[in-house]
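Structure assessment
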Amino acid sequence: MTLLVLLLIVGSATAIFSQAGEKIASRPAPTDNCQLIAIDPGHPSETSGGCVHHGLKEVDICWQVALQLEKLVAAEPGLRSIKTKPQVDRLVTNRERAEIANAAGAALMLRLHCDSGKGSGCTLYYPDREGTVQGVTGPSEEVITQSRLAAEAMQKGLAGVLGSQLKLNPIKTDSVTYVGSKQGALTGSIFAKVPALVVEMVYLNNASDAAFIKEPAGQELLARGMLAGIKEFVSVNR
Ligand SMILES: [Zn+2]
């Protein structure tokens, strides 16, 4: 009888709730030694619904790539994932996104976005110093170090898969972003207690980038590149 109860507890997923008390994700049952990846499809958040260019909505593109990545991770022995929102249009604050990854004990929080501005191609951002927002200062030195290692591993994984099909820019840091320059780090990074990385997958206002990421093949290539980066990171991190 005792054994049966224990199995039921071990076999139960742990629900993760938003600050408003709404269930937004489940942590898979800790039944194996899998590394858990928190896939965070960008927007809508408290600050933005995401950009729109060339008839493409950033929020939709991020969701579609997240689903591709989720599928690839699920097929990978030793890896599992959770998403930080259950539906494409669900508003989740940047703080909640980090808290979901923290509560899940993620090996990595991977935040998917599309950029707007001058430039093209894919760019990674990681927190390189602590920042302060909502009275909270973070992330820790350990998270900063691990986020840098994650960025380097992700850059290597992406480079190997993207080849010449999508430009890969040098790694950047939170502090060069608009929000990061004011706060010290992005809000999602400040609240992160796990390694955190933003992938600005393309410049959505760039016509050839938009054409690339509009197609399922482009989305899949990015997802495969990110999977390679995840595997590179968790293997060096083990
Ligand atoms: Zn975005």
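The rules we used
- Residues numbered from 1 in each chain as written.
- Predicted model: local features only at pLDDT ≥ 70, side-chain atom pairs only at ≥ 80, totals over all residues.
- Heavy atoms only, no water.
- Donors = N, O, S within 2.8 Å, 3.2 Å for Na, K, Ca; no water.
- Buried < 20%, exposed > 50% of the residue type's maximum accessible area, 1.4 Å probe, protein only.
- Pairing = 2+ DSSP bridges.
- Helix = DSSP H or I, 4+ residues; strand = E, 2+ residues; numbered from the N terminus.
- Contact = heavy atoms within 4.5 Å.
- Axes fitted to C-alpha atoms, helices over the stretch in contact; angles between N-to-C directions.
- Polar contact = N/O pair within 3.5 Å; in protein donor to acceptor, adjacent residues only side chain to side chain.
- Salt bridge = Lys/Arg side-chain N within 4 Å of Asp/Glu carboxyl O.

Turning next to the coordination of the zinc ion. Ideal coordination angles are 109.5 degrees for a metal with four donors arranged tetrahedrally and 90 or 180 degrees for a metal with six donors arranged octahedrally. On the protein side, the zinc ion has His-43 (NE2), Glu-58 (OE) and His-113 (ND1) as donor atoms, found 2.0 to 2.2 Å from it. Here His-113 falls in the buried class, since its relative accessible area comes to 12%.

Before going further, it helps to spend a moment on the sheet that holds strand E7 (residues 108-115). Strand order in the open sheet made by the 6 strands is E6-E3-E7-E12-E8-E11, with mixed pairing throughout. With one partner strand each, in any of the chains shown, strand E6 (79-83) and strand E11 (172-173) form the two edges of the open sheet. In this sheet, E11 lies alongside strand E8 (residues 123-126) in parallel orientation, the contact comprising 2 bridges. Bridge pairing in E11 places Tyr-126 opposite Thr-173. Seen against the sheet, helix H4 (residues 141-162) touches E7, E8 and strand E12 (196-203) and runs at an angle of roughly 170° to E8.

Attention now goes to the side chain of Ser-45. Locating Ser-45 in the fold gives a position in the loop between strand E3 (35-41) and strand E4 (52-53). Of the polar contacts made by the side chain of Ser-45, one reaches the side chain of Thr-47; its length is 3.0 Å. Sequence-distant contacts of Ser-45, defined by excluding residues within four places in its chain, comprise Leu-91, Val-92, Asn-94 and Arg-97.

It is worth spelling out the environment of Ser-175 at this point. Of note, Ser-175 is situated in the loop between E11 and helix H5 (178-183). What makes Ser-175 buried here is its relative accessible area of 15%. For Ser-175, the residues in contact, after removing those within four places along its chain, are Asp-128, Arg-129, Gly-180, Ser-181 and Gly-184. Within the structure, the side chain of Ser-175 is placed 3.0 Å from the side chain of Asp-128, a separation counted as a polar contact.

Take the pattern of salt bridges next. Pairing is possible between side chains of opposite charge, provided their charged atoms come close. Following the criterion strictly, the structure yields 8 salt bridges and no others. For the salt bridge of Arg-111 with Asp-40, the shortest nitrogen-to-oxygen distance reads 3.3 Å. Of this pair, Arg-111 sits in strand E7 while Asp-40 sits in strand E3; the two residues are 71 residues apart in sequence, bridging distant segments of the chain. Of the residues examined, Arg-111 reaches a relative accessible area of 4% and is grouped as buried. As a salt-bridge pair, Glu-232 and Lys-156 come within 3.1 Å of each other at their nearest N and O atoms.

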